[in-house]
Amino acid sequence: MELMVLLNALVTRLLFVLHSLIGVWRVTAVKKEPKYWLLALLNLLLCLETGLTLKFKQGRGYKWFSPAIFLYLICTVPSLWLLEIHHGTQYCGNEPGAVQMNVSNQDFNQSRDTSHGSEGTGHHIIQTAKVFVNHLSTICETVWTLALHQTFLLLLVVGRWLLPIGVEITRDQLSQLLLMFVGTAADILEFASETLDIEDVRKNYALINAILAVWTWSMLQFPLDLAVQHIGCKPTASTRRIPSLLLCRYSAELWNIGVSLFIQDGPFFIVRSILMGHFRIFNQMLVFFTAKNILVVTLQLYRLAVITLDFRATILQKSRKEVSCCPCEPYEASTHATADQDTEMKEFVAFPPKEQSQAPSEDQ
C-alpha cells in the first residue's frame, strides 16, 4: 500500500470526524443537554468504513460511489438540522450577525502568568486552549450555524479531492467533478442561507422542515461520481433497444440533467415558487434565484432535446449505412428487379397496347 494513499485516506476521514464532532458540540451547547453527545456515535460508521476500505481496497475509492462522503453526510446533517430548527440559533445577543468574540492578548497573558512556573508548559497549553474555547462559545449562534454550513460544503469538495481515487476514474474526470461540486455547493449554500434567513419562514415550523428536507435531498449528489463517468455498455443483445443505447452513450450527460431537474434546480424552484405563490413571501434575492432556477431548468430541457435529436439522427444514419453495406442486398435487389421485369414483359406480351392491336383492322 502506498504511503501517500494511506495518508490521504486517513487525514481526510479524520477531518470529517473532527468537523462532525464540532457540530455535535454546538448542538449540545445550544440544547444544554448532554444526551446529544450520542450523535457522535455516528462516527463509528465512518471508522468502520475506513477499516474496510484499507483492508479490501488498499485505501482507494470505489466506482461511481464514495462511502466516506456518504457517511460524512450521515454524521453531520443531523447536527445541522438541530441547529437550524432550534429557535435560539436565529438571534444574536446584541446585533444580528455580530460576532461576539473578543480574544485579547490580556486574557492569554493572564493564563500564561497563572500557569508559569512549576505548572509547566503542558498546563499552560491547556489553560490557553480553555480560554480560546470559552471565547469561541461567545460567538453568535447564527454565525456558528452559518460557519458550519460553509465549512461542511468546503470539506465535501476538499475531501473529495484528497480522497484517493479508484482505477475507474481518471484525474481529468476528478478535476471536472470537483469544478462541478464547487458550483453545486455554492448553489446549495445560497438556497439554505437565503430561504432560512427570511423572517416569515422562521415563524413556520413546517416550512423550515420542508426547506431542510430539500437541502438534505440535494446533498445526496456529492457521494456519486456518475456526472463524469460513462457506463460504457457493450453492444450486446440487451443494449440494442433505443433507451439502453441512449443511456450507454450519454450516461454522464443524462445524469447531469437528472440531477439538475430532480435533485437541485427543480426542487429549489418548487420551494421558491411555493414561498412566493402560496405564502406571499417576496424579496429581491428570492425573485432572482427563482428566475435563475427557471433558466437552468429550461436550458437542461433544451439540452435533453438536443441529445435526443442527435441520438435519433445517429441511429438513422447508422441504419442507412447498414442497409447500403449489406452484401446480400445487391443480389436480392437484382433478383427482385429481374422478376419485376419478367412480369412486366409477360404482361406486355399477353396484353399488347390497344394502339398496336387496332392498327391492322384499320388497314383491312
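Please read these numbers as outputs of a predicted model, since none were measured by experiment. (Residues numbered from 1 in each chain as written. Predicted model: local features only at pLDDT ≥ 70, side-chain atom pairs only at ≥ 80, totals over all residues. Heavy atoms only, no water.)

Chemist: Could you clarify how one ought to interpret unusual backbone geometry in this entry?
Modeler: For residues other than glycine, phi is negative in most cases, and the peptide bonds are mostly trans. Despite not being glycine, Lys32 shows a phi value in the positive range, around 60°. Position of Lys32 relative to the elements: it lies in the loop between helix H1 (3-31) and helix H2 (43-56). For Lys32, a relative accessible area of 67% translates into the label exposed. The backbone phi angle of Arg280 is positive, close to 55°, even though this residue is not glycine. Relative to the helices and strands, Arg280 is located in the loop between helix H12 (265-277) and helix H13 (284-325). Assessed through its relative accessible area of 62%, Arg280 is described here as exposed. (Helix = DSSP H or I, 4+ residues; strand = E, 2+ residues; numbered from the N terminus. Buried < 20%, exposed > 50% of the residue type's maximum accessible area, 1.4 Å probe, protein only.)

Chemist: Quick question: what am I supposed to make of the environment of Arg160 here?
Modeler: By secondary structure assignment, the location of Arg160 is in helix H6 (residues 141-162). Here the alpha-carbon distance between Arg160 and Ile69, two residues 91 residues apart in the chain, equals 7.5 Å. Once you skip the residues sitting within four places of it in the chain, Arg160 turns out to touch Ser66, Ile69, Leu155, Ile165, Ile169, Leu174, Leu177, Leu178, Phe181 and Asp225. (Contact = heavy atoms within 4.5 Å.)

Chemist: What should I look at first to understand the environment of Phe262 in this one?
Modeler: The residue Phe262 is located in helix H11 (residues 251-262) in this model. When its relative accessible area of 59% is taken as the criterion, Phe262 is described as exposed. For Phe262 and Trp217, which are 45 residues apart along the polypeptide, the C-alpha to C-alpha distance reads 9.6 Å. In contact with Phe262, other than residues within four places in its own chain, are Trp217 and Pro267.

Chemist: Can you help me understand the UniProt feature "transmembrane region" (unreviewed entry) in the protein in this one?
Modeler: Residues annotated by UniProt as "transmembrane region" (unreviewed entry) correspond here to residues 6-24, 36-52 and 64-83. Within the segment residues 6-24, helix and strand shares are 100% and 0% respectively, and the terminal C-alpha atoms sit 27 Å apart. In the segment residues 64-83, helix accounts for 85% and strand for 0%; the C-alpha atoms at its two ends are 32 Å apart. (UniProt positions renumbered as here; feature names shortened; annotations may be inferred.)

Chemist: Looking at this model, I keep getting lost on empty space enclosed by the protein. Mind explaining?
Modeler: Think of a ball as big as a water molecule: rolled over the atoms, this probe shows where empty space is left. This model, assessed by the stated rule, comprises two cavities of 30 Å³ or more. Quantified by volume, the largest cavity comes out at close to 110 Å³. Along the walls of the largest cavity sit 18 residues, with Gly61, Tyr62, Ser66, Leu163 and Pro164 positioned nearest its centre. Those elements that provide at least two residues to the lining of the largest cavity are H2 and helix H3 (67-85). A breakdown of the residues in the lining of the largest cavity according to their chemical character gives eight nonpolar, five polar and five charged. (1 Å grid on protein atoms, 1.4 Å probe; cavity = no way out; pocket = protein on both sides within 12 Å on 5 of 7 lines; lining within 4 Å. Points joined across faces, edges and corners; volume = space filled by probe spheres on them. Nonpolar A, V, L, I, M, F, W, Y, C, P; charged D, E, K, R; others polar.)

Chemist: Honestly, the side chain of Gln221 in this entry has me stumped. Any pointers?
Modeler: Looking at the secondary structure, you find Gln221 in the loop between helix H9 (205-219) and helix H10 (242-249). Of the residues examined, Gln221 reaches a relative accessible area of 7% and is grouped as buried. There is a polar contact of 2.8 Å between the side chain of Gln221 and the backbone oxygen of Ser218. If sequence neighbours within four positions are ignored, Gln221 has contacts with Phe181, Thr184, Ile188, Val259, Ile263 and Gln264. (Polar contact = N/O pair within 3.5 Å; in protein donor to acceptor, adjacent residues only side chain to side chain.)

Chemist: What is the right way to read H6 from this model?
Modeler: Within an α-helix, residues lying three or four positions from one another point in the same direction, as the helix has 3.6 residues per turn. A rise of 1.5 Å per residue sets the reference length of H6, with its 22 residues, at 32 Å; its end C-alpha atoms lie 30 Å apart and thus fit the reference within 8%. What H6 keeps buried is the set Trp144, Thr145, Leu148, His149, Phe152, Leu153, Leu155, Leu156, Val157, Gly159 and Arg160. (Expected span 1.5 Å × (residues − 1).)

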